[in-house]
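Chain and residue survey
This is what each chain is made of:
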Amino acid sequence: MTRYENGRAPLSDLIKVGDQQYLPVGTCARWREMQRLAWEKYRVWLVITPGWNGYRPLDIQIQYRAELGVWAAVPGYSSHGLTYNGRDCAAIDVFNWRDLAPGNESLAWARFVALCRLVGFTNDFVSPREQWHIGDFDPFTVPAFAAIVINPSTTALPTAQSEEDDDMPINFRRESTGVSYTLIPGYGITAHANLHGFRLTAFGNTGAWPPAPVNDALSTDQRIGAGERQFNDDNLRWWLALMDFEWVAQDLDNRLPKPSEYRYADRLQKIYDAALARS
Ligand SMILES: [Zn+2]
């Protein structure tokens, strides 16, 4: 038995990691660990190919099959649909794996496969062969390294050192509007549509559930306890600029993401713009 029928998972059960990009909690933790490792070892920030190239709902599978033919799976059978050959399975298309060794594809491939193995992703399991396509056959289990690496209370991370230098997701709240967001340094900002979204994201980030809501709301203390930072607008502008979101910092009211939106870091947005111009 699989958790969902292929392509039928509600997006609200998944973590939004980019525009049109959703992953189950376990896969999200593995992916973030892989991004961190690739950055640490090779100074390459791996990104998901623009489009529905994490989880792919059934209607999008139908659309992609019509557009791509044999390069997209028969609708209802895609390994991007959270089931594959009767098993739970999540898939990600990695846009820039060749950057792991520019100009040397066999070395880049060796590094890519090694990173995948370190975090538990599977390579080379679909045909025709797609080198960029990686799979996770345990998508709903948050691996132990997520708790060890990300949860500060279980590690001896130096406290004074800036935790903003690594890719640990940071939950924050704009005090003037009461809206909460998650920022992944170097990557993007997403807004929480509701309390469920906040708790799900906080769990994906820390491996620990924030306290159950009382009267469908969390107190500021509960939010701070769950790792959420509270910012007034002046501090938020300053901090966002520091985190490579200068464009957002310039106009908080209009550029902070709405619940259905996503904002990329300035540097990543440039990479995406260049990728879209090429395709
Ligand atoms: Zn794929």
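Above: the structure in question.
Before going into details, it helps to say that this report is about the structure given with it.

Rules and cut-offs
- Each chain has its residues counted from 1, following the order in which its sequence is written.
- Thresholds applied to this predicted model are a pLDDT of at least 70 for local features of residues and 80 or more for the giving and counting of side-chain atom pairs; totals over whole chains, interfaces and linings are not thresholded and use all residues.
- As a rule here, side-chain values cover all heavy atoms of the structure and leave hydrogens and water aside.
- Every helix listed is a DSSP run of H or I at least four residues long, and every strand listed is a run of E at least two residues long, numbered separately from the N terminus.
- Pairing between two strands is assigned when DSSP locates at least 2 bridges connecting them.
- Here an angle of 0 to 180 degrees is reported between the N-to-C directions of two axes, which are lines fitted to C-alpha atoms, with helices fitted over the stretch in contact.
- The working definition used for a salt bridge is a side-chain nitrogen of Lys or Arg within 4 Å of a carboxyl oxygen of Asp or Glu.
- When accessible area is computed with a 1.4 Å probe and restricted to protein chains, residues below 20% of their type maximum are described as buried, those above 50% as exposed, and intermediate ones as partly exposed.
- Note on angle classes: values under 35 degrees are labelled roughly parallel, values over 145 roughly antiparallel, values of 65 to 115 roughly perpendicular, and the remainder oblique.
- Crossing handedness is read from the near helix: turned anticlockwise from the far helix by less than a right angle, it gives a left-handed crossing, and turned clockwise, a right-handed one.
- Pairs of residues are marked as contacts when any of their non-hydrogen atoms sit within 4.5 Å.
- Residue polarity follows a fixed list, in which Ala, Val, Leu, Ile, Met, Phe, Trp, Tyr, Cys and Pro are nonpolar, Asp, Glu, Lys and Arg are charged, and the others, Gly among them, are polar.
- Listed donor atoms are N, O and S within 2.8 Å of the metal (Na, K and Ca: 3.2 Å). As water is not included, a site may look incomplete.

The next thing to look at is the environment of P24. Looking at where P24 falls in the secondary structure, it is placed in the loop between β2 (21–23) and α1 (25–42). Sequence spacing of P24 and L82 is 58 residues, and the spatial spacing of their C-alpha atoms is 8.7 Å.

Bringing the sheet that holds strand β10 (residues 188–191) into the picture now. As summarised here, the arrangement of the five strands in space is β11-β8-β9-β10-β12, forming an open sheet in which the pairing is mixed. In the strand order of this sheet, the two ends are held by β11 (228–231) and β12 (262–264), each with one partner. For this sheet the average axis-to-axis angle between neighbouring strands, irrespective of direction, equals 25°. Pairing between β10 and β12: three bridges, direction antiparallel. Residue T190 lies in a different strand from β12, and its bridge partner there is Y262.

Our focus in this paragraph is the pattern of salt bridges. Scanning all chains against the criterion turns up 11 salt bridges. The closest approach of N and O atoms between R30 and D136, which form a salt bridge, is 2.9 Å. Here R30 is found in helix α1, whereas its partner D136 is found in strand β7 (residues 133–136), with 106 residues between them in sequence. For the pair shown, R30 and D136 are each scored as buried. Here D138 and R30 are joined by a salt bridge, their closest N and O atoms 4.0 Å apart. In this pair, D138 sits in the loop between β7 and α4 (144–150) while R30 sits in helix α1, placing the two residues 108 residues apart along the sequence. The exposure class assigned to R30 is buried, which follows from its relative accessible area of 7%.

All right, on to the packing of α1 against helix α3 (residues 105–119) then. At a closest axis distance of 9 Å, the pairing of α1 and α3 adopts a crossing angle of 135°. Between α1 and α3, the angle is such that the two are oblique. The handedness of the crossing between α1 and α3 comes out as right-handed. Across the interface between the two elements, R30, E33, M34, L37, A38, K41 and Y42 of α1 pack against R111, F112, L115, C116, L118 and V119 of α3. Tallied by class, residues from the contact of α1 with α3 come to nine nonpolar, no polar and four charged.

Looking now at the coordination of the zinc ion. Distances from the zinc ion to its protein donors, H80 (NE2), D93 (OD) and H133 (ND1), fall at 2.0 to 2.1 Å. For the zinc ion, all donor residues lie on one chain, and their spacing in sequence is H-x12-D-x39-H. Separated by 13 residues along the polypeptide, H80 in the loop between α2 (58–68) and β3 (83–84) and D93 in strand β5 (residues 90–93) bring together distant segments of the chain.

Next up on the list: the pairing of strand β8 (residues 170–174). Successive residues of a regular strand alternate their side chains across the two faces of the sheet. Taking burial as the measure, the five residues of β8 include five buried ones, the bulk of the element. Every second residue of β8 is oriented toward a common face, with I170, F172 and R174 on one face and N171 and R173 on the other, all of them buried. Two elements, β8 and strand β9 (residues 179–184), share five bridges in a ladder whose sense is antiparallel. In the strand pairing of β9, N171 is matched with T182. Hairpin connection between β8 and β9: a loop of four residues separates the two successive antiparallel strands, and G178 in this loop has a positive phi of roughly 75°. Summarising the sheet, β8 and β11 pair through four bridges and their orientation is parallel. When the bridges of β11 are listed, R173 appears paired with Q230.

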